[in-house]
Amino acid sequence: MKGRNLKKKKPSAQQTKGKNNSTKRIAHDPFFDATEQKRRRKFDGDEDIESSDEDGGEFDSEGEREEGEKDEEIDETPAEKKKRLADEFLRAIREKERKKEEDESEEDDEVRREREGERDSLIAKILQQEQLEESGRVRRGIASRVQKPETSEGFRFRVNHRQPVTSVVLSEDDCRGFSASKDGGIVHWDVDGGKSEKYTWPSEEVLKSHGVKDPQGRATSHSKHVLALAVSSDGRYLASGGLDRYAFPGHKGPVSCLTFRQGTSELFSGSFDRSIKIWNAEDRTYINTLFGHQSEVLTIDSLRKERVLTVGRDRTMRLWKVPEESQLKFLAPASSLECCCFISDDEFLSGSDDGSIEHWNVLRKKPVHRVKNAHASLSDHKSERANCEGLSNGHLENDAQGSSGFGMTALSWVNSVTVCRSSDLAASGAGNGCVRLWAIETESKGLRPLFELSLVGFVNSLAFAKSGKFLIAGVGQEPRLGRWGRVAAAKNGVALHPLELS
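One numbering rule holds for all chains: residues counted from 1, following each sequence as written. Local features are withheld for residues below a pLDDT of 70 in this predicted model, meaning they are given only at 70 or higher, and side-chain atom pairs are given and counted only at 80 or more; totals for whole chains, interfaces and linings count all residues. Heavy atoms from the whole structure form the basis of all side-chain values; hydrogens and water molecules are not counted.

A. Representation of the side chain of His497. You can see His497 is positioned in strand S26 (residues 493-498). Contacts are assigned to residue pairs that have any heavy atoms within 4.5 Å of one another. Not counting the four nearest positions on each side in its chain, His497 is found in contact with Pro149, Gly154, Phe155, Leu453, Phe470 and Leu471. Counting from the N terminus, the helices are the DSSP runs of H or I reaching at least four residues and the strands are the DSSP runs of E reaching at least two.

What follows is the structure, given as C-alpha cells:
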C-alpha cells in the first residue's frame, strides 16, 4: 500500500496460548485418528506424540520409522503375507525376463550397429568414388562395355529445326535436353518422351529494358542467330549466345561459345572479339575478362575446377587458370583447331579442320597422340559428293576437286568432340556421314577407335549422357559457324542414339 509503513508486531501471550490450543485441537482432529491409532499401539498410556508441520505427519527419527514399519509387518495377516510374497516372486521373475530381453536387445543392437557400420562404409566408398570420378582423378571404364549396334536403326531424330542445329546440351539428370539453331529457335525437350517446347524470343521492349542498344551500321534488326547454349548443374539457368551479343552486354563481337563451371552459377563466354568473359548468372553480374587469343574464340569447356579450356582461329588451345590469372598455350601441329573438351583436369581432346583428333596433356605443349584423317571414311563417298553443294560459286573448298579423298574438305573437318564425364569414352563428329566413338587409353597408346554411327549431315554438337547410355547429336545441312559446305540430304534437328553397355 502506498504511503503507509507497516511494522511487524510481536504476538501476545493470549495469541500464543490460542495457537497452542488450536494445535491440540488439530492433533485430536478425527482426520488424523486412523494414523494416530497405529502410532499409539506400542505407546499405550503415553501422551500423544505431536508431529511437526514440515514433516506432514511422518516420524521424527529413523528409529521411530523402523519401529512403525515393524508394527505394520506385525499387523499383517497370513493371507496378506502370502499375497505379498507371491507379488515379490512375480516381480523377481518379471525383472529377470526384462534383463534377459535387454541383453538380447543389446546383442541385436550390436549386430544392427555392425550392419549399419558396414552400410555406412559402403556408402562412404561409393560417395568417395563418385567424388573422384567427378574430379577426374579416377576414370570410369565405359568404352570397353559399349556394344556395337547390331541393328541398322541408328540415330533417331527427337526434335526438328528449320535451320542447322548449332548446339545441344543435357541437364544434369539427363532427362531434359536443349537445342539451338541458326534460325534463333531454342527448344526444350524431354529425352524419353520427346515432348518439346519452344522458347519465345523476347520482344523489343524486353530487350531494351535489359540495356540492348539499337542496331548499328547497315543492320536494321538484331540477328537471332544462336551459336551456343549452356545449362547450369542445378538446372536453374540456361544461357544462350549468338550474333546478337546482348544477353550480358560486354562482348564487342558475336558470342560463339558458353559453358557453366560444374556445381556453380559461374558462366564463361567466348567471343569473336578474341576475349573470354566471366559472369555470375545468379547475380547477373560481370566478373572478369581473359585476354590472350589473337583471333576468334571458337569453343570453350570447363569442369569443376576454376579452369577454362578454349580454342581459337589463331591455331592455339589455351588452358586458363582463373585464380592464378595465368594461361598455358598449346600450339596445333599444322592446322586450325575447331573444337575442344576436357577429359580430366589435366587431359583434353581437340578436333582440327584437317580431319585429325589430338590428345593433349597439361605437361606437354604438343599433342601426346594424334589421329590423322579421323573422319576419312573408307566407304564410298559418292552419295556425299553428290549431295555436297560446296560454296556459293559452285566450287569445293580446300582443293577438293583434285583430291582422291575427302580428308581435306569441309566434310571431314572435326566440328565437335565430347567425352562422357569422368570416363574413357569419347565421340567426334564431322560432315562425312558418321559419328565415331573412341576409347581413351594411356598416353602411350592414345585413342583407340571403337566403331562408327551413321548420321548424314554436319554434326555440329555432341553430348553424352552421364551414364553413357545414349548420345545426343545436333546435326544440320551446314557447319555451325559458316556456310562453306552444304549437305542437302541432311535433316536439321537433334538425333539420339542409344548405347548398350555390357
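Still more to cover.
B. Broad picture of the state of the cysteines. To count as a disulfide, a pair of cysteine sulfur atoms needs to be within 2.5 Å. Within the structure shown, the criterion is met by zero disulfides. Unpaired in this structure, Cys341 has its nearest cysteine sulfur neighbour in Cys340, at a distance of 7.1 Å.

C. Examining the sheet that holds strand S8 (residues 255-260) more closely. Pairing within the open sheet is antiparallel, and its four strands lie in the order S8-S9-S10-S11. Lying at the two open borders of the sheet, with one neighbouring strand each, are S8 and strand S11 (285-291). Going across the sheet, the axis of each strand differs from the next one's by a mean of 20 degrees, ignoring polarity. Strand pairing is defined by DSSP finding a minimum of two bridges between the two strands. To get an axis, fit a line to the C-alpha atoms, keeping to the stretch in contact for a helix; angles then go from 0 to 180 degrees between the N-to-C directions.

D. Broad picture of the pairing of strand S22 (residues 434-440). Accessible area is worked out with a 1.4 Å probe on protein chains only. A residue is then buried under 20% of its type maximum, exposed over 50%, and partly exposed in between. The buried fraction of S22 amounts to seven of the seven residues, a majority that puts the element mostly inside the structure. Side chains Cys434, Arg436, Trp438 and Ile440 of S22 all project onto a buried face; the interleaved residues Val435, Leu437 and Ala439 project onto the opposite face, where all are buried too. The loop that links strand S21 (residues 425-429) with its antiparallel partner S22 comprises four residues; one of these, Gly433, has a positive phi angle of about 95 degrees. Summarising the sheet, S22 and strand S23 (residues 447-454) pair through six bridges and their orientation is antiparallel. Residue pairing for S23: Trp438 is matched across the bridge by Pro449.

E. Representation of the pairing of strand S6 (residues 226-231) within the structure. The buried count for S6 comes to six of six residues, which makes it a mostly enclosed element. Relative to strand S7 (residues 238-242), S6 runs antiparallel, the two being bridged by five bridges. Looking across to S7, one finds that Ala230 is bridged to Ala239. Hairpin connection of S6 to S7: six residues between the antiparallel strands, including Gly235 at a positive phi of 75 degrees.

F. Main features of the nonpolar core. What makes a nonpolar core is a set of buried Ala, Val, Leu, Ile, Met, Phe, Trp, Tyr and Cys residues whose side-chain atoms join them at distances within 4.5 Å. In terms of nonpolar packing, the biggest core is built from 21 residues, with Val435, Leu437 and Leu471 touching the most fellow members. Only S21, S22, S23, strand S24 (458-464) and strand S25 (470-476) provide two or more residues apiece to this core. Core analysis: the next-biggest nonpolar cluster, separate from the first, contains 19 residues, Leu227, Leu298, Leu319 and Phe348 among them.

G. Examining the packing of aromatic side chains more closely. Pairing of aromatic side chains here covers Phe, Tyr and the six-membered ring of Trp, requires ring centres within 6.5 Å, and sorts the geometry by plane angle: under 30 degrees stacked, over 60 edge-to-face, intermediate tilted. Here the structure, examined in full by the defined rule, presents five aromatic pairs. Ring centres of Phe342 and Phe348 lie 6.1 Å apart, and the angle between their planes is 85 degrees; this geometry places the pair in the edge-to-face category. Residue class for Phe342 comes out buried when judged on its relative accessible area of 5%. Three or more aromatic residues joined by ring pairs form one cluster here, namely Phe330, Phe342, Phe348 and Trp360. One cation-aromatic arrangement involves Lys365 over Phe330; the distance from NZ or CZ to the ring centre is 5.7 Å. Working rule: Lys NZ or Arg CZ, within 6 Å of ring centre, within 35 degrees of ring normal, means a charge sits over the ring. Positioned over the ring face of Phe157 is Lys491, at 5.3 Å from the centre of the ring.

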